[in-house]
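Inside the fold
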Amino acid sequence: MVVEISQTQLPSLLLLTVLLGAVVVAVYLSLKSGDKYSVEDADRDAISFADIIREAEGPMTAFLIAAFIIIIIWAIAYLVLYLK
């Protein structure tokens, strides 16, 4: 079966491919984020406030770093393109 792609479908197909790639990368980074800092490390470093709220300090995960970088790039691109 041959699938023909017209010129009008190309931008939509490109957007879909980029979004699927981004989802795959995000899932991979979120799954790998717990490798360096385990649940036991978080429990050991956690501070409990009235046994209701627990706060733990630890390194930033690769998922968060990638998310912050993407948000910063998106904001800069938006400012450059739309605030002239």
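For clarity, every value in this text was computed on a predicted model and none was experimentally measured.

**Section: the overall build of the chain**
When helices and strands are tallied, the chain shows three helices and two strands. Put simply, the chain runs from its N terminus to its C terminus through helices and strands in the order α-α-β-β-α. By the burial criterion, 2% of the 84 residues in the chain qualify as buried. On the chain, roughly 7800 Å² of surface is accessible, and the fraction owed to carbon and sulfur atoms is 71%.

**Quick notes on the confidence of the model for the chain**
Summing up the model confidence of the chain, the mean pLDDT is 80 and the portion of residues at 70 or higher is 82%. The secondary structure element of the chain with the lowest average pLDDT is strand E2 (residues 53–55), at 68, and the one with the highest is helix H3 (residues 62–82), at 90.

**With respect to the packing of helix H1 (residues 10–32) against H3**
The axes of two packed helices give the description: the angle between them and the distance between them. H3 packs onto H1 with a crossing angle of 145 degrees between their chain directions and a minimal axis gap of 7 Å. Two secondary-structure elements touch here, H1 through Ala26, Leu29 and Ser30 and H3 through Ala62, Phe63 and Ala66. Each residue belonging to the contact of H1 with H3 can be placed in one class, and the counts come to five nonpolar, one polar and no charged.

**Things to note about the packing of aromatic side chains**
For the coordinates displayed, the defined rule picks out one aromatic pair. Arranged with centres 5.1 Å apart and planes meeting at 40 degrees, the rings of Tyr78 and Tyr82 form a pair that is tilted. In this pair, Tyr78 and Tyr82 both sit in helix H3, four residues apart, roughly one turn of the helix. A relative accessible area of 46% places Tyr78 in the partly exposed class.

**So, the environment of Ala62**
With respect to the helices and strands, Ala62 occurs in helix H3. Judged by relative accessible area, which is 40%, Ala62 ranks as partly exposed. Taking the C-alpha atoms as reference points, Ala62 and Ala26, separated by 36 residues in sequence, lie 9.5 Å from one another.

What counts, and where the lines are drawn
- Residues numbered from 1 in each chain as written.
- Predicted model: local features only at pLDDT ≥ 70, side-chain atom pairs only at ≥ 80, totals over all residues.
- Heavy atoms only, no water.
- Helix = DSSP H or I, 4+ residues; strand = E, 2+ residues; numbered from the N terminus.
- Buried < 20%, exposed > 50% of the residue type's maximum accessible area, 1.4 Å probe, protein only.
- Areas by Shrake-Rupley, 256 points an atom, 1.4 Å probe, with all protein chains shown as cover.
- pLDDT = per-residue confidence, 0-100.
- Axes fitted to C-alpha atoms, helices over the stretch in contact; angles between N-to-C directions.
- Contact = heavy atoms within 4.5 Å.
- Nonpolar A, V, L, I, M, F, W, Y, C, P; charged D, E, K, R; others polar.
- Phe/Tyr/Trp six-rings, centres within 6.5 Å; stacked < 30°, edge-to-face > 60°.

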